[in-house]
Amino acid sequence: MSPAEPTDLLVLLRELEPVVEANLNRHLATAKEWFPHEYVPWSEGSNFDGVLGGEAWEPGQSKLSEVARISLVVNLLTEDNLPSYHHEIATVFGRDGAWGTWVHRWTAEEGRHGIAIRDYLLATRAVDPIALERARMTHMEGGFHNSYDGLIESVAYVSFQELATRVSHRNTGTASGDPVCEQLLARVAADENLHMIFYRNLLQAAFDLAPNTTMRALTKVATSFQMPGHTIENFGRKSVQIAKAGIYDLRLHHDDVLTPVLRQVRTFDRDLSGDGAAARDELAKFMSDLDTQAARFVERREAQRARAAAAV
């Protein structure tokens, strides 16, 4: 590693703050104000049984497919852990200056997502409200803990995570078959895209500042990436169902999440040395192997779909 590359957290925060401020101003000028209540079909709602003596929920009341409901609930529970996410990024980024302003603005915008999705699910009776609340309690009690060390690894993680969340929301909306749901999740995804751009631009600046350090951090995150909702109960089974439906799978993760970020920050065009260059080679191999795995997954899925169609 070149001795000129800063690694101290306070030095990195100070060196990158002008980039944070510039991208914060760009974000504030670009982001559009919106209101969750405008995207919820309240006229479809009615009281549930319980305190107000309404009608008990049963699966036939939902117009969504099972996999669409599963994906919506996974997305919602992921959004529900916002207090933990805020704690994690505030701990790394701090609460002062442009960093702190961004942390609080990001949290405020993310807060709308859980509000809107939960209101939609309950107004349309798409899910069992008791099971949903119990799942929320269980998931939030477990919290979320950042698996990565330091500023650059954290920035790399959220760059991928925001884009992955955008893809998941958009494809869940399409899979729902409900124009109202699709419109809502497209609006949520637009927020996630702006957040991704902020973090991706910051990652690119980190690359310019400390290329070898950033390359090592980026490789570590890309090769071990997990969605923030991976601690949701039965997440493994749910993620398989979501992948089989084409909402979020290895192909999308490779093509629509990892590859665009790596390309935009010019990962494989950097002048690197030592362990930075070794990390780049490791990442290149990982991406090649992931591409192969994705191709096999898609091939198996298409074969399964063909067999199922022939059996009808």
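Residues numbered from 1 in each chain as written. Predicted model: local features only at pLDDT ≥ 70, side-chain atom pairs only at ≥ 80, totals over all residues. Heavy atoms only, no water.

Participant: Would you mind showing me how to read the overall build of the protein chain here?
Facilitator: Scanning the protein chain from terminus to terminus reveals eleven helices and zero strands. In the protein chain, the succession of α and β elements from N to C terminus is α-α-α-α-α-α-α-α-α-α-α. Dimensions of the protein chain along its principal axes, counting C-alpha atoms only, are 70 × 50 × 35 Å. Across the 312 residues of the protein chain, 50% fall into the buried class. Considering only residue pairs separated by 6 or more positions, the protein chain has 83% of its internal contacts joining residues 24 or more positions apart. Roughly 14,600 Å² of accessible area belongs to the protein chain as shown, and the carbon and sulfur atoms make up 53% of that amount. Positive and negative charge centroids in the protein chain, built from 32 and 43 side chains respectively, lie 4 Å apart. (Helix = DSSP H or I, 4+ residues; strand = E, 2+ residues; numbered from the N terminus. Buried < 20%, exposed > 50% of the residue type's maximum accessible area, 1.4 Å probe, protein only. Contact = heavy atoms within 4.5 Å. Areas by Shrake-Rupley, 256 points an atom, 1.4 Å probe, with all protein chains shown as cover. Lys, Arg positive; Asp, Glu negative; His and termini not counted. Charge placed at Lys NZ, Arg CZ, Asp CG, Glu CD.)

Participant: Got a minute to help me understand the packing of aromatic side chains in this structure?
Facilitator: For any pair of aromatic rings, the description rests on two quantities: the centre-to-centre distance and the angle between the ring planes. Inspection of every chain in the model, using the stated rule, returns ten aromatic pairs. The interplanar angle of 5 degrees and the centroid separation of 3.6 Å between the aromatic rings of Trp102 and Phe198 together place this pair among those described as stacked. Placement of the pair is Trp102 in helix H4 (residues 97-123) and Phe198 in helix H7 (residues 179-209), with a sequence separation of 96 residues. On the basis of relative accessibility, which here comes to 1%, the residue Trp102 falls in the buried class. Classification of Phe198 as buried rests on a relative accessible area of 1%. A ring pair is formed by Phe160 and Phe225, whose centres lie 6.4 Å apart and whose planes are at 80 degrees; its orientation type is edge-to-face. In this pair, Phe160 is assigned in helix H6 (residues 150-176) and Phe225 in the loop between helix H8 (211-224) and helix H9 (235-244), connecting sequence segments 65 residues apart. By relative accessible area, which is 14% here, Phe225 ends up buried. Through a chain of ring-to-ring contacts, the aromatic side chains of Phe93, Trp99, Trp102, Phe198 and Tyr199 assemble into a single cluster. Taking the ring centre of Phe48 as reference, the NZ or CZ of Arg125 above it sits at 4.1 Å. (Phe/Tyr/Trp six-rings, centres within 6.5 Å; stacked < 30°, edge-to-face > 60°. Lys NZ or Arg CZ within 6 Å of the ring centre and 35° of its normal.)

Participant: What is the right way to read helix H3 (residues 82-93) from this model?
Facilitator: The end-to-end C-alpha distance of H3 is 16 Å, a good match for the 16 Å that twelve residues give at a rise of 1.5 Å each. Of all twelve residues that make up H3, nine are buried, and the element is covered over most of its length. What H3 keeps buried is the set Leu82, Ser84, Tyr85, His86, Glu88, Ile89, Ala90, Val92 and Phe93. Where H3 is buried, its residues contact helix H1 (9-30), helix H2 (66-80), H4, H6 and H7. In the stretch just after H3, Gly94 is the one whose phi turns positive, near 90 degrees. (Expected span 1.5 Å × (residues − 1).)

Participant: I tried to follow the nonpolar core on my own but got confused; where do I start?
Facilitator: Buried together is how nonpolar side chains tend to be arranged in soluble globular proteins. Counting residues in each nonpolar core, the largest one holds 82 residues, and the members touching the most others are Leu72, Phe93, Trp99, Leu121, Leu151, Phe160 and Tyr199. Per-element tally for this core: the top contributor is H7, with 13 residues. Residues contacting Phe160, with those up to four places away along its chain left out, are Leu218, Val221, Ala222, Phe225, Val257, Leu258, Val261 and Leu262. (Core = buried A, V, L, I, M, F, W, Y, C linked by side-chain atoms within 4.5 Å.)

Participant: What is the right way to look at the packing of H2 against helix H5 (residues 129-142) in this model?
Facilitator: In helix packing, the relevant descriptors are the interaxial angle and the interaxial distance, both defined with respect to the helix axes. Where H2 contacts H5, the two axes come as close as 9 Å, and the packing angle between them is 45 degrees. Relative to H5, H2 is oriented oblique. Once H2 is placed against H5, the crossing between them reads as right-handed. For the pair H2 and H5, the contacting residues are Val73, Leu76, Leu77, Thr78 and Asp80 in the first and Leu132, Ala135, Arg136, His139 and Met140 in the second. Partitioning the contact of H2 with H5 into residue classes produces six nonpolar, two polar and two charged. (Axes fitted to C-alpha atoms, helices over the stretch in contact; angles between N-to-C directions. Parallel < 35°, antiparallel > 145°, perpendicular 65-115°, else oblique. Left-handed = near helix turned anticlockwise from the far one by under 90°. Nonpolar A, V, L, I, M, F, W, Y, C, P; charged D, E, K, R; others polar.)

Keep in mind these values describe shape, not function.
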